[in-house]
Amino acid sequence: MNNEEAKFILHGYRPNGRDTTDATFCAALDQARLDADLGQWFAGARAFDAAISAKLSAAPPPAGLREAILAGGRLTEPSSTASSWWHSRGLLAAAAGVAVLLALSVGFWPKTAAAREALQDFAVADAKHSGTHGGEGADTDALQAMLSNPQVRLGRDLPVNFAALRKAGCRTVTFREREVLEVCFNRDGVWFHCYIAQRADFAALAASAAPVLSERGGASLAAWGDAAHYFVVVSKAGRAPLEKIL
Amino acid sequence: MASEIFSQLVDAHYAPLYRFALSLTKSASDAGDLTQQTFFIWAKQGHSLRDAGKAKSWLFTTLYREFLRARRRAGRVTALEDLSPVEADPPAPAVDVVAGMDASLVLEALLEVDEIYRAPLTLFYLQEFSYREIAELLEVPIGTVMSRLSRGKAQLRASLARKETGGRGKVVPFNQTSARKLS
């Protein structure tokens, strides 16, 4: 092994020393101990790598990202395919009992409200974490311009072509394995986040045709729907700016 | 309990995952989305992972696959043959100079490294994975990882040297919104 080959291998040696016992590095490390030039190069390379690692570790994640992830996790239902609970007679019997109770109460179960609130929680969590977006294609620009127009009152049908916006590169977020569009817009210096879900993707969602205002997680939001879409507009600046645009 | 495990998992891995995502997407908001999306997939499927010790690898692999999936959708693919040759061991700023540099400047230099090298390089500098694990994660041979680390470091040194001399080339701000967002 010449020095160039040793350098090539030592490029994969982590500066924290975790690779000390890896046999791949043994010969190259031995050579670096015996060859002064290689040894000097290796010491410099390790110090350089350690400095870069320290800088990379100093890059802070955005504020609110952790909370947004945790909120998303709480709203996410695990897949049921992983466990074979039905192999247990006891659990099967218990499940049968629960099924009977569910069957009796299903008529009263507020499915639509739960789905609506889950989407609203998700929208607020995302809006609190994410920055502002835009400039992703002509369709998105047109919708953003319309939403930003101070003459336009929101809370009714919006000219949304979901497929075209998605194709144009409009930001999407994933909620319950379905894509939801998000467009940011600004009115009078206040940023709003508009989330657009397709009714076809969320059969359980029911929405009022008129906007319903609420407070959630420290943000204000307005939600309404039309024949094809469900809209949630989130404001981090309080209720008053939101009321102003409706 | 499941919620507690999920919280522990997030606390242990969300920061390095975000940094890896940032190096891939070059955009803070895309990186945040990608990190969230990865944990979303975990919440849906991750509990089926029998060996909890493999959670870290699973998360990083999933994040990388999600990035590739989104990029394929966006039609952005870097061809290997497009890559220019790199000087073998270009001069770099002295270590104490690098240590004194602002972290954001060092990250900018890292983001200027070609993507094909940047992914293994970032994983290497996060120090969470060995070169073997990086090869498995990126689904490339071990020799390829070594080669990309070598070339990536050369590009990073050159980029840092440019920044040290004040010649900021193609600086990419962290809050830049990419042409297409990730889901």
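Note that this is a predicted model, so its numbers are computed, not measured. Residue indices follow the written sequence of each chain, beginning from 1 at its first position. Each chain is given a letter, starting from A, and each ligand a number, starting from 1, according to the order in which they appear as written. Under the rules for a predicted model, residues below a pLDDT of 70 receive no local features and side-chain atom pairs below 80 are neither given nor counted, while totals for whole chains, interfaces and linings still include all residues. Here the side-chain values reflect all heavy atoms present in the structure, with hydrogen atoms and water set aside.

**Let's talk about the packing of helix α5 (residues 103–111) of chain B against helix α8 (residues 142–164) of chain B**
Residue and element names in this part refer to chain B.
Part 1: Interaxial distance between α5 and α8 falls to 8 Å at its minimum, and their mutual angle equals 135 degrees. In this view, α5 runs oblique relative to α8, as classed from their interaxial angle. Here α5 runs over α8; the crossing is right-handed. In contact with Leu105, Val106, Glu108, Ala109 and Leu110 of α5, α8 contributes Leu156, Ser159, Leu160 and Lys163.
Part 2: Asp, Glu, Lys and Arg are counted as charged, while Ala, Val, Leu, Ile, Met, Phe, Trp, Tyr, Cys and Pro are counted as nonpolar; the rest, among them Gly, fall into the polar class. Along the lines of polarity and charge, the residues of the contact of α5 with α8 split into six nonpolar, one polar and two charged. In this analysis an axis means a line fitted to C-alpha atoms, helices contributing only their contacting stretch, and an angle means the value between N-to-C directions, from 0 to 180 degrees. Secondary structure elements are taken from DSSP: a helix is a run of H or I of four residues or more, a strand is a run of E of two residues or more, and numbering for both begins at the N terminus. Angle categories are assigned with fixed cut-offs, so that under 35 degrees is roughly parallel, over 145 is roughly antiparallel, 65 to 115 is roughly perpendicular, and the rest are oblique. By definition, turning the near helix anticlockwise from the far helix through less than a right angle yields a left-handed crossing, and turning it clockwise yields a right-handed one. Any two residues whose heavy atoms approach within 4.5 Å are treated as being in contact.

**Details of the interface of chain A and chain B**
Part 1: With 57 residues of chain A at the interface, the matching set in chain B holds 59 residues.
Part 2: Two parts placed together each lose some accessible area under a 1.4 Å probe, and adding up what both lose gives the buried area. Between chain A and chain B, a total of about 5,100 Å² is buried, with carbon and sulfur atoms accounting for 61% of that surface.
Part 3: Of all residues in chain A, A:Phe48, A:Lys55 and A:Leu56 give up the largest surface area on contact with chain B, accounting jointly for 14% of the area buried on that side.
Part 4: The term salt bridge refers to a pairing of a side-chain nitrogen on Lys or Arg with a carboxyl oxygen on Asp or Glu at a separation within 4 Å. Applying the counting criterion to the chain A and chain B interface returns four salt bridges.
Part 5: Notably, a salt bridge pairs A:Asp22 with B:Arg132, separated by 3.7 Å at the nearest N-O pair.
Part 6: A 3.5 Å cut-off defines polar contacts: any pair of N or O atoms within that distance qualifies, except that in protein one atom must be a possible hydrogen donor and the other a possible acceptor, and neighbouring residues in sequence count only when both atoms are side-chain atoms. Scanning the region where chain A abuts chain B turns up 19 residue pairs in polar contact (both at pLDDT 80 or more).
Part 7: Residue assignment for the side of chain A that touches chain B shows that the elements contributing at least two residues are α1 (3–10), α2 (23–34), α3 (36–57), α4 (65–75), α6 (111–129), α8 (162–168) and β1 (172–175) of chain A.
Part 8: It is α3(A) that provides the largest number of residues to the side of chain A that touches chain B, a total of twelve residues.

**Focus on unusual backbone geometry**
Part 1: Even without being glycine, A:Asp188 reaches a positive phi, approximately 55 degrees.
Part 2: By the secondary structure assignment, A:Asp188 is in the loop between β2 (178–187) and β3 (190–198).
Part 3: We classify A:Asp188 as exposed; its relative accessible area is 64%.
Part 4: Unusually for a residue other than glycine, B:Lys26 sits at a positive phi of about 60 degrees.
Part 5: Considering the arrangement of structural elements, one finds B:Lys26 in the loop between α1 (2–25) and α2 (28–45). Per-residue accessibility, obtained with a 1.4 Å probe over protein chains only, is compared with the maximum for each type, and a residue is labelled buried under 20%, exposed over 50%, and partly exposed between these values.

**Observations regarding the packing of aromatic side chains**
Part 1: Any Phe, Tyr or Trp ring, taking Trp's six-membered ring, that has another such ring centre within 6.5 Å forms a pair; planes under 30 degrees apart are called stacked, those over 60 apart edge-to-face, and the others tilted. Enumeration over the complete set of coordinates arrives at 13 aromatic pairs over all chains.
Part 2: With 5.6 Å between their ring centres and 65 degrees between their planes, A:Tyr13 and A:Phe42 make a pair best called edge-to-face. Within this pair, whereas A:Tyr13 is found in the loop between α1 and α2, its partner A:Phe42 is found in helix α3, the two being separated by 29 residues in sequence.
Part 3: The class of A:Tyr13 is buried, set by a relative accessible area of 5%.
Part 4: The class for A:Phe42 is buried, based on a relative accessible area of 11%.
Part 5: Here a set of aromatic residues connected by ring pairs shows up, and it is made of A:Tyr13, A:Phe25, A:Phe42 and B:Tyr131.

**Side note on the confidence of the model for chain A**
All names here are of chain A.
Part 1: Each residue carries a pLDDT value, the predictor's own confidence for that position, ranging from 0 to 100. The pLDDT averaged across chain A works out to 79; a share of 81% of its residues lies at or above 70.
Part 2: Predicted confidence in chain A is weakest over helix α5 (residues 89–105), with a mean pLDDT of 48, and strongest over α3, with 92.
Part 3: Across residues 80–89, where pLDDT falls below 50, the model places six contacts with residues more than four positions away in sequence or in other chains.
Part 4: Counting contacts from residues 98–110, a segment whose pLDDT is below 50, to residues more than four positions away or on other chains yields zero contacts.

**Examining the packing of α1(A) against α2(A)**
All names here are of chain A.
Part 1: In contact at an axis separation of 9 Å, α1 and α2 are set at 125 degrees when each is read in the N-to-C sense. By the angle class used here, α1 and α2 are oblique. Considering the relative orientation of α1 and α2, their crossing is left-handed. Here Asn3, Ala6, Ile9 and Leu10 of α1 lie close against α2, whose contacting residues are Thr24, Phe25, Ala28, Leu29, Gln31 and Ala32.
Part 2: By residue class, the composition of the contact of α1 with α2 is seven nonpolar, three polar and no charged.

**Some thoughts on the confidence of the model for chain B**
Any residue range with low pLDDT should be treated as having predicted coordinates unsuitable for detailed reading.
Part 1: Within chain B, residue pLDDT values average 79, and 75% of them lie at 70 or more.
Part 2: Every residue in residues 167–183 of chain B is under pLDDT 50, and counting partners more than four places away or in other chains gives 62 contacts.

**What about the pattern of salt bridges?**
Part 1: One pass over the full model with this rule turns up 22 salt bridges over all chains.
Part 2: In this structure, A:Asp188 and A:Lys244 form a salt bridge, with 3.3 Å as the shortest nitrogen-oxygen distance. Separated by 56 residues along the polypeptide, A:Asp188 in the loop between β2 and β3 and A:Lys244 in helix α9 (residues 239–245) bring together distant segments of the chain.
Part 3: Between B:Glu112 and B:Lys163 there is a salt bridge; the shortest N-O distance is 3.1 Å. Of this pair, B:Glu112 sits in the loop between α5 and α6 (115–126) while B:Lys163 sits in helix α8, and the two are 51 residues apart along the sequence.
Part 4: Residue class for B:Glu112 comes out buried when judged on its relative accessible area of 6%.
Part 5: For B:Lys163, a relative accessible area of 6% gives the class buried.

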